[in-house]
Amino acid sequence: MKCDTSKHKVLAVSICPQSLPYFAAKFSLSVNDAARRLCGFLKSLGVHYVFDTTIAADFSILESQREFVQRYQQRNQEEHALPMFASACPGWIRYAERVLTNLVTSHICTAKSPQQIMGSLVKGYFARQQNLSPDKIFHVIVAPCYDKKLEALREDFYTALYNSQEVDCVLTSGEIVQIMEQKNVSMKDVTEVAVDSLFGEIKEGDVVRHDGKTSDGYLEHIFKHAAKELFGMDVKEITYKALKNKDFQEVTLEKDGETLLRFAAAYGFRNIQNMVLKLKKGKFSYHFVEVLACPGGCLNGKGQAQTEDGKPDKALLNQMEEVYAAIPVRLPETNMHVQKMYQDWLEGMDSKKVQETLHTKYSAVNQTASNLDIKW
């Protein structure tokens, strides 16, 4: 279906991989069926393109890996080099910028989150492929969490030249189900349609994921990459050691009785606060921490894993975790499209364009200056 762009905007929807297990579990579908039916439903509403954001997470992970190795190598010259904190969770970023300020912001990885890289891919790369000005595309993200709405409004994700946000609107998985209910449509009755790719006529194949338990797996990817790059060690399996609770786990790389790398995953605010306390006291032994605001990670986002009364839907979450764990893992390094885009679109891996397109900066926010909360 062609869109007359002189009269209308091209409507593009990008779906986060952590949303698919919700649709699969909720409607008893396989994850591939869920992706194709969701695509069919969105297209029945008039959406022109439906994308999967896994490719944006590929870029985000690759950039985070490289940044970690650089920070590690500069750790003796640069006092804020380590620890490095993951930057993919907007709930954590918001808390860090507003509450923790400079203590933490200089330690946050500068790689953009998958959502915002997807914004750059759709409004930058894809728009160019289609000969469209970025403001002619209206870009919607389907995500597991509400904080992604606030992230989309950040000023650094706005192109003044085109008066265009990289992501125009975020809907949670639960809000998509509400739209279905309003339209009286059941997922079971929707025609399956293959998900679009950013590369012309090709369609996406089966759903793949990254190496994490309930999220994009920054910890696992960065850990394996750093072990190889810094110490020449090939890590096949990662062993998590739960500390105070299952949402605070650590992973270490050891050689000849010496600990070379110490990583942690801290999910949920209780663990984030404990971690920050350690940082303030100067008793911080981690090189990298994957921080996520939701206990249990992204699958447990408030926009999808809750019952009507706002409580976590444990049974549904368990099913979602099973569905997610069964999705095959693909390493970002093996995605040929990504390698090609680094060369053709981003002018090589170390270019200024990579910095402009795939990175951002985080800094302490003056509480009174921001009216985003009010608008939202």
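How each quantity is defined
Residues numbered from 1 in each chain as written. Predicted model: local features only at pLDDT ≥ 70, side-chain atom pairs only at ≥ 80, totals over all residues. Heavy atoms only, no water. Helix = DSSP H or I, 4+ residues; strand = E, 2+ residues; numbered from the N terminus. Rg over C-alpha atoms; globule rule 2.2 N^0.38 Å. Buried < 20%, exposed > 50% of the residue type's maximum accessible area, 1.4 Å probe, protein only. Contact = heavy atoms within 4.5 Å. Phe/Tyr/Trp six-rings, centres within 6.5 Å; stacked < 30°, edge-to-face > 60°.

A. Examining the overall build of the protein chain more closely. Secondary structure summary: the protein chain contains 14 helices and 11 strands in total. Scaling as 2.2 N^0.38, a compact globule of 376 residues should have a C-alpha radius of gyration of about 21 Å, and the protein chain matches this with 20 Å. Principal-axis analysis of the C-alpha atoms places the extent of the protein chain at approximately 60 × 45 × 45 Å. The burial tally for the protein chain puts 57% of its 376 residues in the buried class. Taking as baseline every contact in the protein chain between residues at least 6 positions apart, the subset at least 24 positions apart corresponds to 73%.

B. Just unusual backbone geometry, in detail. Omega for the peptide link from Leu82 to Pro83 comes to 0°, which places this bond in the cis form. Counting through the fold element by element, Pro83 comes out in the loop between helix H3 (54–73) and strand E3 (84–85). One non-glycine residue, Ser28, adopts positive backbone phi at about 50°. Tracing the sequence through the fold places Ser28 in the loop between helix H1 (20–26) and helix H2 (31–44). Ser28 sits in the exposed class, given a relative accessible area of 61%. Within the chain, Asn184 stands out as a residue other than glycine whose phi angle is a positive 60°. Its place among the elements puts Asn184 in the loop between helix H8 (173–182) and helix H9 (218–231).

C. Just the packing of aromatic side chains, in detail. One pass over the structure, following the stated rule, counts 18 aromatic pairs. When the ring of Tyr22 is compared with that of Phe23, the centres are 5.3 Å apart and the planes differ by 70°; the resulting orientation is edge-to-face. For Tyr22, a relative accessible area of 5% translates into the label buried. Take Phe23: its relative accessible area is 0%, and that puts it in the buried class.

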